[in-house]
Each structure stands twice: as structure tokens, then as C-alpha cells.
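Now for the letters of each chain:
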Amino acid sequence: MANNIEVKELLDAGVHFGHLTRRWDPNMAPYIYMERNGIHIINLYKTAAKIDEASEALKKIAASGRKILFVATKKQAKEIVAEKAAKANQPYITERWPGGMLTNFVTIRKAVKKMAAIDRMKKDGTFNTLSKKERLQVDRLRAKLEKNLGSISDMTRLPGALFVVDITREHIAVKEAQKLNIPIFAMVDTNSDPRQVQYVIPANDDASKSIDKVMTYVSDAVIEGLSERKASKDAPKKDAPAKQAAPAKVEAAAVAEAPVVTEAAKQEEE
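All values reported here derive from a predicted model rather than from experimental measurement.

## Some points on helix 6 (residues 171-179)
(1) Moving on: All buried positions along helix 6 are accounted for by Ala173, Val174, Glu176 and Ala177. For helix 6, the arc enclosing every buried residue in end-on projection is 165°, short of the 170-degree limit, so these residues lie on one face.
(2) Moving on: On its buried face, helix 6 sits against strand 4 (68-71), strand 6 (161-165) and strand 7 (184-188).
(3) Moving on: One or two positions beyond helix 6, positive phi appears at Asn181, with a value near 60°.

What follows is the structure, encoded as C-alpha cells:
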């Protein structure tokens, strides 16, 4: 993966622009290259190395079959994260973070099941038996659930990891993941504390070009992991016919090696 991460591409996307020097978090010092016109500049060589490290870890998680929950509720990140996560077939939260999403996952699952129950009502005709007012209320509830939880409807258990854009904004999600020891991957700008996450990607988390560039690398790594998982699943199926044919070959060999009993020999035995 490291060879695919071009520092020039990161530079062109503006990944190196940090926040104003007065708004910095001192713990980001190792990732800062210099200060220019009152703005911190991120060291893109370190960013490239961190993207590579995070991508390898995410690839392994995806290959293991666990889900990675993507979180980004800021305006400039919402659409990008939703698109990239959907492409990689992963759950995502781009609206308001539902409190207890991870720590009270059972309740969240009940809300998702309620959404599925409404869909069943519409299919079997039960929905049409309701009054006009009740139908309107059910439709509103369904729309609200779809907006907030529709993207996680396939997530039947806690995710194997969290990927966050802007840990300062998504501090509730980060705290919940920390409480449950769920690994956190994040784009961390110069105004945030990198000690809160296990896999830090020092990057500009405010510009859409920067977010798109980092998310492209990350989502590609997840897709690669899923492809490896599919390939390993398909491999035994291809080998299965050969294994089934093996006993037949052994049986044929046994028949060939068996002594031929002639009619004369049978009479002698009698």
C-alpha cells in the first residue's frame, strides 16, 4: 500500500493544512512540519506512513468479517463518507450521533427492527388497515429511523472498529468506543488530541478534497480486505470436488489390485 500513497497527491488535496497555531494541541507536535502565516503545516511523509499503517489494519479487520463503522457528521464530510462507506459495504453515521449507539447497542437494534417491522406491515397489507392519521404517524417514524439508522440496518453486532473524521466533533462516539475497547481510526487535525485514538492519520479534516483523498485510500483497503475474504471462502469450494473424487479413485485402485478368482479355483475351494 505504501507505494500507492503519493505525497504529491496529498499535497494537491490540501491534506497538509492544519489549524491556526493558537488553536493547536501540543500533542500533535510530532506530526507538524512547520508553521506558515500563523497556520500549522502537517508533515505529509508521516501522514502517508500513518495512512499505510491504518489501511493494513483496516484490511485485516475487513478480511476477518467484522464491520467498520464510519462516523462523520460535519457538512463537508457527510456525503463523501457515506459514498465511500457504502461502496465498501460498511455501516456509517452521517447524521446526529445517536447517544448510546455503541454502549446501548441493544436498544439501537430494537429501533432498527422496528423499521423492518414497518416494512413488513407495508408488504403484507397491514399498513392499509390503519387509519389515515396512524399511517401518517408510521410513515414519519419510518422516515426518521431511516435518516438516523438506515445506514446501520445490516450491523447486527458491535463493529470491529470505528473510523472517525474529526475526533473533537465526534467526541461522544470516541468516548463510547473507548469504553468498549473498540479500536479507533481517525483523521486527526492539529487542534485535536491524537492520544485518544489507536490509529492516527494526521490530516486536514475540514477540507472536502482532503477528506475525499484519505477516505479513498481507506475505503480501497477495506474493499481489498473483503476481496481477500471472498477469495478464501471460494477456495475450499473449488477444492471440494477433487476431495470427493479421491475416495472413488482409491476404490477403483482396490478393485484393480484385488485377486481374480477363476471358476476353477471356486470349484477347488468347494
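## A closer look at the sheet that holds strand 4
(1) Moving on: Taken together, the 5 strands give an open sheet; going across it, the order is 5-4-6-7-8, and neighbouring strands pair in parallel fashion. Two strands in the sheet have a free side with no partner beyond their single neighbour: strand 5 (92-93) and strand 8 (199-202).
(2) Moving on: Examined bridge by bridge, strand 4 and strand 6 share 4 bridges and lie parallel to one another. The residue bridging Val71 from the neighbouring strand is Val164, located in strand 6.
(3) Moving on: Contacts from helix 2 (residues 44-63) reach strand 4, strand 6, strand 7 and strand 8, with the element oriented near 140° to strand 8.

## Details of the packing of helix 4 (residues 105-124) against helix 5 (residues 132-149)
(1) Moving on: At a minimum axis distance of 10 Å, the contact between helix 4 and helix 5 shows a crossing angle of 135°. With respect to helix 5, the element helix 4 is oriented oblique. The handedness of the crossing between helix 4 and helix 5 is left-handed. In contact with Ile108, Ala111, Val112, Lys114, Met115, Ile118, Asp119 and Lys122 of helix 4, helix 5 contributes Val138, Asp139, Leu141, Arg142, Leu145, Glu146 and Leu149.
(2) Moving on: Within the contact of helix 4 with helix 5, the residues separate by chemical class into 9 nonpolar, no polar and 6 charged.

## Topic: the nonpolar core
General note: in soluble globular proteins, nonpolar side chains tend to be found buried as a group.
(1) Moving on: Core analysis: the largest hydrophobic core is formed by 35 residues, its most contacted members being Leu10, Ile68, Phe70, Phe163, Val165, Phe185 and Ile201.
(2) Moving on: Of all the secondary-structure elements, those providing two or more residues to this core are helix 2, strand 4, helix 3 (75-87), strand 6, strand 7 and helix 7 (208-257).
(3) Moving on: Looking at this core element by element, the count peaks at 8 residues for helix 2.
(4) Moving on: The contacts of Phe185, once residues within four sequence positions are left out, are Ala54, Ala57, Leu58, Ile61, Ala161, Leu162, Phe163, Val164 and Tyr199.
(5) Moving on: Ranked by size, the runner-up nonpolar core spans 30 residues in total, among them Leu102, Phe105, Met155 and Ile182.

## Some points on the confidence of the model for the protein
(1) Moving on: Here the protein averages 86 in pLDDT, while 86% of its residues score no lower than 70.
(2) Moving on: Contacts for the low-pLDDT stretch residues 248-270, under 50 throughout, to residues beyond four places or in other chains number 1 contact.

## Focus on the pattern of salt bridges
(1) Moving on: Evaluation of the coordinates by the stated rule reveals 17 salt bridges.
(2) Moving on: A salt bridge links Lys59 to Glu56; its shortest N-O distance comes to 3.9 Å. On the criterion of helical spacing, the pair formed by Lys59 and Glu56 is a turn pair, its members being 3 residues apart in helix 2.
(3) Moving on: Take Glu56: its relative accessible area is 29%, and that puts it in the partly exposed class.
(4) Moving on: The closest approach of N and O atoms between Glu170 and Arg169, which form a salt bridge, is 4.0 Å.
(5) Moving on: Classification of Glu170 by relative accessible area gives buried; the value is 4%.
(6) Moving on: Among the ionic contacts, a cluster of salt bridges with common partners joins Glu56, Lys59, Glu224 and Glu228.

## Digging into the packing of aromatic side chains
(1) Moving on: On inspection of all chains with the given rule, the structure shows 2 aromatic pairs.
(2) Moving on: Measuring from ring centre to ring centre gives 5.5 Å for Phe70 and Phe163, while their planes differ by 40°; the resulting arrangement is tilted. Taken together, the residues span a long stretch of sequence, with Phe70 in strand 4 and Phe163 in strand 6 at a distance of 93 residues.
(3) Moving on: Residue Phe163 is classed as buried on the basis of its relative accessible area of 1%.
(4) Moving on: Considering the side-chain rings of Phe185 and Tyr199, the 4.3 Å spacing of their centres and the 5° angle between planes classify their relative orientation as stacked. Residue Phe185 is located in strand 7, and its partner Tyr199 is located in strand 8; the two are separated by 14 residues in the primary sequence.
(5) Moving on: Residue Phe185 is classed as buried on the basis of its relative accessible area of 0%.
(6) Moving on: Positioned over the ring face of Phe127 is Lys122, at 5.1 Å from the centre of the ring.

The rules behind each value
Residues numbered from 1 in each chain as written. Predicted model: local features only at pLDDT ≥ 70, side-chain atom pairs only at ≥ 80, totals over all residues. Heavy atoms only, no water. Buried < 20%, exposed > 50% of the residue type's maximum accessible area, 1.4 Å probe, protein only. Helix = DSSP H or I, 4+ residues; strand = E, 2+ residues; numbered from the N terminus. Arc of directions from axis to C-beta. Contact = heavy atoms within 4.5 Å. Pairing = 2+ DSSP bridges. Axes fitted to C-alpha atoms, helices over the stretch in contact; angles between N-to-C directions. Parallel < 35°, antiparallel > 145°, perpendicular 65-115°, else oblique. Left-handed = near helix turned anticlockwise from the far one by under 90°. Nonpolar A, V, L, I, M, F, W, Y, C, P; charged D, E, K, R; others polar. Core = buried A, V, L, I, M, F, W, Y, C linked by side-chain atoms within 4.5 Å. pLDDT = per-residue confidence, 0-100. Salt bridge = Lys/Arg side-chain N within 4 Å of Asp/Glu carboxyl O. Phe/Tyr/Trp six-rings, centres within 6.5 Å; stacked < 30°, edge-to-face > 60°. Lys NZ or Arg CZ within 6 Å of the ring centre and 35° of its normal.

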